[in-house]
Amino acid sequence: MISRMSTMFLRTLRDDPADAEVPSHRLLVRGGYVRRIAPGVFSWLPLGYKVFRNVERIVREEMDKAGFQEVHFPSLLPREPYETTGRWTEYGENLFRLKDRRDNDYLLGPTHEEVFTLMVKGEYSSYRDLPLSIYQIQTKFRDEARPRAGILRGREFVMKDSYSFDVDHEGLEASYERHRKAYISTFDRLNLDYVIVSAMAGAMGGSRSEEFLASAEVGEDTYVKCSCGYAANVEALIIPMAKFNPELNLDADLPSSHVEETPQTPTIDSLVAVSNARTDLARPDRAWLASDTLKNLLLMVTDASGNDRPLAIGVPGDREVDMRRLEAALYPEVARPFEEADFAAYPMLAKGYIGPQILGKDSESEIEFLTDPRIVRGTRWITGANVSGKHVFDLVFGRDFESDGIIDVAEVIDGDTCNECGGHLEKARGIEIGHIFQLGTKYAEALGLKVLDENGELVTVTMGSYGIGVSRAVAAIAEQHHDDKGLVWPREISPADIYLVAAGKTPEIFAAAEDLAEQWDALGLRVILDDRMGVSPGVKFNDSELLGIPTIVVVGRGLEKGVIEVKDRVSGERADVSVDTVVADVHRICTT
RNA sequence: CGGGGCGUAGCGUAGUGGCUAGCGCGCCUGCUUUGGGAGCAGGAGAUCGGGAGUUCGAAUCUCCCCGCCCCGACCA
């Protein structure tokens, strides 16, 4: 089809909007693709809606190709099913709730496990009907505490969500694999550069779970990748246990521990500096490092029933505890750092100088003590002496202290060891564009979705849940496909194949442009014809680049000599093409 | 929810107690111009986020509220 700039409902902005930071937000607003209408709520303007629908179409085609069936649920949902599964309260503040005129509770669906489960329950009752995978492309609502980055994280967004239903775990595995494959072909077609990382199932419940992360600096998820192909969300990353020498004689081969006066060493850095500066403390073989110190952190952990218990965590002093990894490790329990009142309840803890000698279930404090996987038999540490102003040196794990177990929650640092190949991990940021879960029986159990198996026994259906952020994918593509001039859409995503500029004022130029537009249109190409009168060529060129259409054709001063200019948006290369061949040439460019 | 920044026309902004709130872009009219965000002339467009207060006088000072952006907390 032909879209004409002279009549299109579009206004591009010369300046970046002041409230937009990330490239996708900035460029989608500047290009007139989207406009904000409320916090985290956006409208799609004509050009933006074309892009959105292209992404949606690709997602739909890939789902259909995989054999999943599309349905459409309401966004407005009754409270009851969500009450049954506990999510009416579990979802908390993020759930958009409303009441009807009779004071009944409703919600705007954040995700649709409940109603899908109930629908299948209403129709199916035999194992013969399974497996089944159904999906919808729907507007979702989450009252995010802080919407941000334009349409990357909104309160209203469009998601493709699928649900699989199987009689047993083998079936679930197969359904999961089918979705995984469909997601790979979908994101490949969307021209996204992404990784698949193992993830935590989190609040969704269930077991196996992987995230598809589109690499982008502005991404909210941190993951690690290795040259061997291993990738993981930092929350789910497993750090290998440090190697140790079982032959080592801890008493004979290692110096014995000794307590030292170390005033003015409130931080790890100052402790290391003092240890190296004092000749009586210096190591003969090398300087002390922050990683030779042992940092012990006190937390108060609250379980699902609201009961508190203290927990001590020991990590090498060169790293912080990563709160997201901690949260993932303790889930469903939640933790917070010790406060003054907590320290008051444990007078044996000398704040800032806590050492493992008094930690552990069997110790004086009876506080459970978990340690980082790098802390193994024979490792020697500088750590607090449980007396203010004193540290203990050469405290050896396995000889001078033990822990109650391993906890892997220290922050991940570039260069950390890969658990798969032993190589070096690299940290990166990504946008979560897809997430696949094995839910298991959580929802089917709660809502009573059972079928008769071949033995006539009732079995609870096992489910999977699979999401793709459709609107978010548009922003993710924009993040990965832009330059300093504007957007650079992959052709299948682009709102048009050709941006055709009439650069000049003569009727001949406009007539020639109109003629070309019609010829390409007849060949099935999508053309934006910049037929604006009285707009200087510079404006048209800039808009053509800002809007990011892959092929730009200029009808202008070359027309007299019989040439048309054809530009490639990605490479910036331009070529003069004869008017006689330009239709076929551009058609070929656009279709190969 | 905590910390920081901000709110003046569709967009970007100037304006720290004093005349009719200024400028650029965009928009309208006319003329000129047409290969990289044109020129001249004229014009429309502002509850200065909202409310209360201080003052002879408030965009400007005070208080409360609302909203936006960033960081954190939170986040299938």
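The structure displayed is predicted, hence computed values, not measured ones.

## Some remarks on the domain arrangement of chain A
Here is step 1 of the chain: For chain A, the assigned domains are domain 1 (50-215 + 429-476), domain 2 (258-406) and domain 3 (496-591).
Here is step 2 of the chain: Placing the centre of domain 2 and that of domain 3 at their C-alpha centroids yields a distance of 68 Å.

## Description of the side chain of D530
Here is step 1 of the chain: Tracing the backbone shows D530 in strand β29 (residues 527-530).
Here is step 2 of the chain: Among the polar contacts listed, one links the side chain of D530 to the side chain of R532, at a separation of 2.8 Å.
Here is step 3 of the chain: If sequence neighbours within four positions are ignored, D530 has contacts with M5, Y499, L500, V501, A502 and K540.

## Section: the sheet that holds strand β14 (residues 258-261)
Here is step 1 of the chain: Sheet architecture is open: three strands sit in the order β14-β20-β19, paired in antiparallel fashion. Each edge of the open sheet is held by one strand with a lone partner, namely β14 and β19 (380-384). If you compare each strand with its neighbour and ignore which way they point, the axes differ by 25° on average.
Here is step 2 of the chain: Across four bridges, β19 lies against strand β20 (residues 390-396) in antiparallel orientation. Within β20, the position partnered with G384 by the bridge is H391.

## Some words on the confidence of the model for chain A
Here is step 1 of the chain: Mean pLDDT over chain A: 84, with 97% of residues reaching 70 or higher.
Here is step 2 of the chain: Between the elements of chain A, mean pLDDT differs from a low of 70, seen in helix α9 (residues 340-345), to a high of 95, seen in helix α2 (residues 46-65).

## Here we look at unusual backbone geometry
Here is step 1 of the chain: A cis geometry characterises the amide bond from L130 onward to P131, with omega recorded as 5°.
Here is step 2 of the chain: The phi dihedral of N191 is positive, around 60°, even though this residue is not glycine.
Here is step 3 of the chain: Given a relative accessible area of 39%, N191 falls into the partly exposed group.
Here is step 4 of the chain: If you check the backbone angles, D394 has positive phi at about 55° while not being a glycine.
Here is step 5 of the chain: For D394, the position within the fold is in strand β20.

## A few points about helix α12 (residues 507-522)
Here is step 1 of the chain: The terminal C-alpha atoms of α12 lie 22 Å apart, and with 16 residues this matches the ideal 22 Å at 1.5 Å per residue to within 8%.
Here is step 2 of the chain: Downstream of α12 by a residue or two, G524 has a phi angle that is positive, lying close to 90°.

## Observations regarding the pairing of strand β15 (residues 294-302)
Here is step 1 of the chain: With seven of nine residues buried, β15 is to be regarded as a mostly interior element.
Here is step 2 of the chain: Where β15 meets strand β17 (residues 334-337), four bridges bridge the pair, whose relative direction is antiparallel. Residue T302 lies in a different strand from β17, and its bridge partner there is V334.

## Some details on the pattern of salt bridges
Here is step 1 of the chain: All chains considered together, the criterion is met by 33 salt bridges.
Here is step 2 of the chain: Linking R153 and E220 is a salt bridge whose minimum nitrogen-to-oxygen distance equals 3.0 Å. With R153 in the loop between β8 (132-141) and β9 (156-166) and E220 in the loop between β11 (209-215) and β12 (221-226), the pair connects residues that are 67 residues apart, well separated along the chain.
Here is step 3 of the chain: Note on R153: relative accessible area 21%, which makes it partly exposed.
Here is step 4 of the chain: Relative accessible area serves as the criterion here: at 25%, E220 is assigned to the partly exposed category.
Here is step 5 of the chain: A salt bridge links D497 to R491; the shortest N-O distance between them is 3.4 Å.
Here is step 6 of the chain: Linked through salt bridges whose partners overlap, the residues forming this network are R57, E61, E62, K65, R189 and E492.

## Observations regarding the sheet that holds strand β6 (residues 96-99)
Here is step 1 of the chain: Strand order in this open sheet of three strands is β5-β7-β6, and the pairing throughout is antiparallel. Each of the sheet's edge strands pairs with one partner strand only, and the pair in question is β5 (76-78) and β6. Geometrically, the sheet is characterised by an average inter-axis angle of 40° between neighbouring strands, direction not taken into account.
Here is step 2 of the chain: As defined by bridge partners, β6 adjoins strand β7 (residues 105-108) across four bridges and the pair is classed as antiparallel. For K99, the partnering residue across the bridge sits in β7 and is D105.

## Things to note about the environment of T383
Here is step 1 of the chain: Along the polypeptide, T383 turns up in strand β19.
Here is step 2 of the chain: Spatially, the C-alpha atoms of T383 and S75 are 55 Å apart, while their sequence positions differ by 308 residues.
Here is step 3 of the chain: With residues near it in sequence (within four places) discarded, T383 still touches L294, N296, I354, G355, P356, H391, V392 and L395.
Here is step 4 of the chain: Among the polar contacts made by the side chain of T383, one reaches the main-chain carbonyl oxygen of L294 at a distance of 3.0 Å.
Here is step 5 of the chain: Within the local environment of T383, its side chain forms a polar contact with the side chain of N296, the two groups lying 3.1 Å apart.

## A word on helix α14 (residues 582-591)
Here is step 1 of the chain: When we look at burial in α14, the residues that qualify are V582, V583, V586 and C590. Buried positions in α14, seen along its axis, are confined to an arc of 100° and lie on one side of it.

## Some details on the packing of aromatic side chains
Here is step 1 of the chain: Across all of its chains, the model carries 12 aromatic pairs by this definition.
Here is step 2 of the chain: Look at W44 and F52: their rings are 5.1 Å apart centre to centre, the planes differ by 45°, and that puts the pair in the tilted class.
Here is step 3 of the chain: The exposure class assigned to F52 is buried, which follows from its relative accessible area of 5%.
Here is step 4 of the chain: Centroid distance Y194 to F212: 6.0 Å. Interplanar angle 35°. Geometry classified as tilted. A residue pair is termed long-range when its members are at least 10 positions apart, and Y194 in strand β10 (residues 194-198) and F212 in strand β11 qualify at 18 residues.
Here is step 5 of the chain: Overall, F212 belongs to the buried group, its relative accessible area being 0%.
Here is step 6 of the chain: Clustering of aromatic rings is evident, with ring pairs tying together Y183, F187, Y194 and F212.
Here is step 7 of the chain: The ring of W88 is capped by R97, whose NZ or CZ atom sits 4.7 Å from the centre of that ring.
Here is step 8 of the chain: Residue placement shows K567 over the ring face of F541; its charged tip is 4.9 Å from the ring centre.

Reading the values: the criteria
Residues numbered from 1 in each chain as written. Chains lettered and ligands numbered in written order. Predicted model: local features only at pLDDT ≥ 70, side-chain atom pairs only at ≥ 80, totals over all residues. Heavy atoms only, no water. Domains from an automatic or database assignment. Helix = DSSP H or I, 4+ residues; strand = E, 2+ residues; numbered from the N terminus. Polar contact = N/O pair within 3.5 Å; in protein donor to acceptor, adjacent residues only side chain to side chain. Contact = heavy atoms within 4.5 Å. Pairing = 2+ DSSP bridges. Axes fitted to C-alpha atoms, helices over the stretch in contact; angles between N-to-C directions. pLDDT = per-residue confidence, 0-100. Buried < 20%, exposed > 50% of the residue type's maximum accessible area, 1.4 Å probe, protein only. Expected span 1.5 Å × (residues − 1). Salt bridge = Lys/Arg side-chain N within 4 Å of Asp/Glu carboxyl O. Arc of directions from axis to C-beta. Phe/Tyr/Trp six-rings, centres within 6.5 Å; stacked < 30°, edge-to-face > 60°. Lys NZ or Arg CZ within 6 Å of the ring centre and 35° of its normal.

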